[in-house]
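Structural overview
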Amino acid sequence: MGEKTDKKTPVEELLDDVEGYIDDWFQAKLPFAFQGRIRWTPPTDVYETEEAIHVVLAIPGLDTDDCKVEFESDTLTIQGVRRETAGGKRHYHKMELPVGPFRRRIRIVRPIDSESVRVRYEDGLLRVRLPKAERGSREIPID
């Protein structure tokens, strides 16, 4: 029997991406009272230095116990929930800080040293440092 794996096929990954774009589009069209009830996407910066790829997400008020960061193959996945801080005791006149589940998937095109990935949360920013793996070449003998 074949071994079952959680790895998604390229088509499943594409469908997940399309679903995220559709969610984002519909959320932008909803009145403020409904914000946060569907998945949202945190604002994100991705940049590269000589040593690493850096990913920074703006998630103010996040409880880090409600967040999960994974790096598998060439994809960084960050998902979690930003919760309402005051419960249901408020009557909003305007709501721009989203609450509810979020997920961000970012493909990394450079080889990464996955054992050295570091994540920290500070001042409302989730920072992921993905150190680049050494690129090397070697001569391969012919059998």
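In what follows, the accompanying structure is described. (Residues numbered from 1 in each chain as written. Predicted model: local features only at pLDDT ≥ 70, side-chain atom pairs only at ≥ 80, totals over all residues. Heavy atoms only, no water.)

Some remarks on the overall build of the protein
Within the protein, the regular secondary structure consists of one helix and seven strands. Ordered by position from N to C terminus, the α and β elements of the protein give α-β-β-β-β-β-β-β. For the protein, the proportion of its 143 residues judged to be buried stands at 29%. The long-range share in the protein, meaning contacts at least 24 apart out of those at least 6 apart in sequence, stands at 54%. Total accessible area computed for the protein in this model is approximately 10800 Å², and 51% of it derives from carbon and sulfur atoms. (Helix = DSSP H or I, 4+ residues; strand = E, 2+ residues; numbered from the N terminus. Buried < 20%, exposed > 50% of the residue type's maximum accessible area, 1.4 Å probe, protein only. Contact = heavy atoms within 4.5 Å. Areas by Shrake-Rupley, 256 points an atom, 1.4 Å probe, with all protein chains shown as cover.)

Quick look at the environment of D123
Residue placement: D123 occurs in the loop between β6 (118–122) and β7 (125–131). Here D123 falls in the exposed class, since its relative accessible area comes to 77%. A sequence separation of 64 residues divides D123 from I59, and the C-alpha atoms of the two residues are 9.2 Å apart.

Examining unusual backbone geometry
Residues other than glycine seldom take positive phi values, yet S73 does so here, at roughly 55 degrees. Residue position: S73 is located in the loop between β3 (67–72) and β4 (75–82).

Quick look at the sheet that holds β3
Strand order in this open sheet of three strands is β3-β4-β5, and the pairing throughout is antiparallel. Both edges of this open sheet fall to β3 and β5 (100–107), since each of them pairs with a single strand only. Averaged over neighbouring strand pairs, the angle between their axes works out to 10 degrees when direction is ignored. (Pairing = 2+ DSSP bridges. Axes fitted to C-alpha atoms, helices over the stretch in contact; angles between N-to-C directions.)

Examining the sheet that holds strand β1 (residues 44–48)
The four strands are arranged β1-β2-β7-β6 in an open sheet whose pairing can be described as antiparallel. Each of the sheet's edge strands pairs with one partner strand only, and the pair in question is β1 and β6. When the angles between neighbouring strand axes are averaged without regard to direction, this sheet yields 15 degrees. Sheet analysis places β1 next to strand β2 (residues 52–58), joined by five bridges and oriented antiparallel. The partner of E48 across the bridge, within β2, is I53.

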